[in-house]
Amino acid sequence: MKVIVQSPEQIAKLAAEQYRALLGEKPNAVLGLATGSTPLGLYRELARLNKAGALSFARATSFNLDEYDGLPAGHAQSYRTFMDENLFSHIDIPIERTYIPGRADVSDADGQGYDAAIARAGGIDLQLLGIGNNGHIGFNEPCTPFGSRTHLAELTPSTREANTRFFSSIGEVPTQAITMGIRTVMNARAILLIALGAAKAEALRATVSGPVTELVPASVLQLHPNVTIYADSDAAKLL
Ligand code: GLP
């Protein structure tokens, strides 16, 4: 794993450069995207570069990592709304090629609809990840099997509490989500993880230098051949 420690502003620029290089070389690249506060700086930078004509998503396809289960369509906190507002409406990606997992993707005969769609698109070239305070990636909470594919997951109390800030009360935070599995993420050709802030320091330490264990989902990334981690100095303080 390559670990790069920089300011959040620099991280947004360096990560965006990785997208510029990828889309320059492969305009029809398949992008794995993430939600949360962490990717916002990168998304702003991608929108800026797109507007300036420095990169185009016109032939790209995207697959988001996860989505809450049970929120009505158009809910302000759904990840579809988040992606529309923070990225898709600011770039030239065709909206019909932006995929977000849903119940239908995990209820087909073999339960692997989303993974099959990713495979049909050619597989993910670059998967973006944030990290939960407990080391989760997507909504793969501790103890999720490393062999998992896209599935319906239960959220832990700590994750629901961490995400309460976006809802008016904890009772409104969904208890389940549909998430790419660990195997789905590991199948990406390259992975880019961003960690910002002191709340992520312990999870990042365990990810980078702890044992590879299902107790820390992100630790599986030690086994992937092409991972770049961008961390600010607060998130990197225990490395
Ligand atoms: C959520 C998402 C994750 C995200 C994590 C961290 O639980 N499902 O994909 O990485 O939170 O969020 P933030 O970037 O806001 O700290």
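Residues numbered from 1 in each chain as written. Predicted model: local features only at pLDDT ≥ 70, side-chain atom pairs only at ≥ 80, totals over all residues. Heavy atoms only, no water.

The 3 strands lie next to each other as 4-8-7, forming an open sheet whose pairing is antiparallel. At either end of the open sheet lies a strand with only one pairing partner, and these are strand 4 (66-68) and strand 7 (151-154). With strand direction ignored, the average angle separating the axes of adjacent strands in the sheet is 30°. Judged from the 4 bridges that link them, strand 7 and strand 8 (residues 176-179) form a sheet pairing that is antiparallel. Note on strand 8: the bridge partner recorded for Glu154 is Gln176. (Pairing = 2+ DSSP bridges. Helix = DSSP H or I, 4+ residues; strand = E, 2+ residues; numbered from the N terminus. Axes fitted to C-alpha atoms, helices over the stretch in contact; angles between N-to-C directions.)

Moving on to the environment of Gly171. Here Gly171 lies in the loop between helix 6 (157-163) and strand 8. Judged by its relative accessible area of 65%, Gly171 is exposed. Each C-alpha atom, one on Gly171 and one on Glu161, is 9.9 Å from the other, the two residues being 10 residues apart in sequence. (Buried < 20%, exposed > 50% of the residue type's maximum accessible area, 1.4 Å probe, protein only.)

In the contact formed by helix 1 (residues 8-25) and helix 2 (residues 40-51), the axes pass within 9 Å of each other and the chain directions differ by 55°. Between helix 1 and helix 2, the angle falls in the class oblique. The handedness of the crossing between helix 1 and helix 2 comes out as right-handed. On the side of helix 1, the interface is formed by Ala12, Lys13, Ala15, Ala16 and Tyr19, while helix 2 contributes Gly41, Leu42, Glu45, Leu46 and Leu49. Partitioned by chemical class, the residues of the contact of helix 1 with helix 2 number 7 nonpolar, 1 polar and 2 charged. (Parallel < 35°, antiparallel > 145°, perpendicular 65-115°, else oblique. Left-handed = near helix turned anticlockwise from the far one by under 90°. Contact = heavy atoms within 4.5 Å. Nonpolar A, V, L, I, M, F, W, Y, C, P; charged D, E, K, R; others polar.)

When we look at burial in helix 3 (residues 79-86), the residues that qualify are Tyr79, Thr81, Phe82 and Met83. Buried-residue contacts for helix 3 involve strand 2 (30-33), helix 2, strand 3 (61-64), strand 4 and helix 6.

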